[in-house]
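Descriptive structure summary
Spelled out from the first residue to the last, the chains are:
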Amino acid sequence: MDSKKVLSALSYFSVFFAGFIFPLVVFFASENPFVKVHAKKAFLSHLIPLIALPVIFLAIPFEIFSNPNEVPVFFLIGIGLSVILSLIVVVWNIVKGVQILAASE
């Protein structure tokens, strides 16, 4: 197995064990352009679920603290969006990692 393919695939699979840290380390430690491209893609894909965080953090003071008797709709939407994005990112990273390992050169 080629080490550049393994490092690239591990950058995607790190969504399970090291989050965005592993692809970032691989990006700066590797000099191979193939590995750098995939480490950057994996790093950016690991950051996608963070898109929903501003919605969640803005909804807390406006919905939960100001109207405690009402259902916090935007807070729940933010949580749901974060969960959906996380699932999509996990599936996408698994697919990309397997594609790299299965690719023949």
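Since this is a predicted model, take the numbers as computed values, not measurements.

**Remarks on the overall build of the protein**
- Per the secondary structure count, the protein includes five helices and zero strands.
- Taken from the N to the C terminus, the helices and strands of the protein come in the order α-α-α-α-α.
- Taking 2.2 N^0.38 as the reference for a compact globule, 105 residues should give roughly 13 Å; the C-alpha atoms of the protein span a radius of gyration of 18 Å, well beyond that estimate.
- Seen through its C-alpha atoms, the protein measures out along the principal axes to roughly 60 × 25 × 20 Å.
- Here the protein holds 105 residues, and the buried ones make up 29% of them.
- At a minimum sequence separation of 6, the contacts of the protein that also span at least 24 residues come to 65%.
- Per element, the accessible surface of the protein, about 6700 Å² overall, is 76% carbon and sulfur.

**Re the UniProt feature "transmembrane region" (unreviewed entry) in the protein**
- Following the UniProt record, one finds the feature "transmembrane region" (unreviewed entry) at residues 6–30, 42–62 and 74–95.
- When the span residues 6–30 is considered, its composition is 68% helix and 0% strand, and the gap between its end C-alpha atoms is 12 Å.

**A word on a nonpolar patch on the surface**
- On the surface, V55, V71, V73, F74, L76 and I77 cluster together into a nonpolar patch covering about 550 Å² of accessible area.
- In terms of residues, the nonpolar patch owes the most to one element, helix α5 (residues 73–102), which gives four residues.
- Structurally, the position occupied by V73 is in helix α5.

**Regarding the nonpolar core**
- Judged by nonpolar contacts, A9, Y12, F13, A42 and I100 together constitute the single largest core of five residues.
- The element contributing the most residues to this core is helix α1 (residues 3–13), with three residues.
- Discounting residues that sit within four places of it in the chain, A9 has contacts with G97, I100 and L101.

**Some points on the packing of helix α3 (residues 33–47) against α5**
- Between α3 and α5, the shortest axis-to-axis distance is 10 Å and the interhelical angle comes to 165°. Taken together, the axes of α3 and α5 lie roughly antiparallel to each other. Here α3 and α5 pass one another in a crossing that is left-handed. Counting all contacts with α3, which are made through F34, H38, K41, A42, S45 and H46, the residues of α5 involved are V89, W92, N93 and I100.
- Residue composition of the contact of α3 with α5, by class: five nonpolar, four polar and one charged.

The rules behind each value
Residues numbered from 1 in each chain as written. Predicted model: local features only at pLDDT ≥ 70, side-chain atom pairs only at ≥ 80, totals over all residues. Heavy atoms only, no water. Helix = DSSP H or I, 4+ residues; strand = E, 2+ residues; numbered from the N terminus. Rg over C-alpha atoms; globule rule 2.2 N^0.38 Å. Buried < 20%, exposed > 50% of the residue type's maximum accessible area, 1.4 Å probe, protein only. Contact = heavy atoms within 4.5 Å. Areas by Shrake-Rupley, 256 points an atom, 1.4 Å probe, with all protein chains shown as cover. UniProt positions renumbered as here; feature names shortened; annotations may be inferred. Patch = residues over 30% accessible without salt bridge, like charges linked within 9 Å, V, L, I, M, F, W, Y side chains within 5 Å. Salt bridge = Lys/Arg side-chain N within 4 Å of Asp/Glu carboxyl O. Core = buried A, V, L, I, M, F, W, Y, C linked by side-chain atoms within 4.5 Å. Axes fitted to C-alpha atoms, helices over the stretch in contact; angles between N-to-C directions. Parallel < 35°, antiparallel > 145°, perpendicular 65-115°, else oblique. Left-handed = near helix turned anticlockwise from the far one by under 90°. Nonpolar A, V, L, I, M, F, W, Y, C, P; charged D, E, K, R; others polar.

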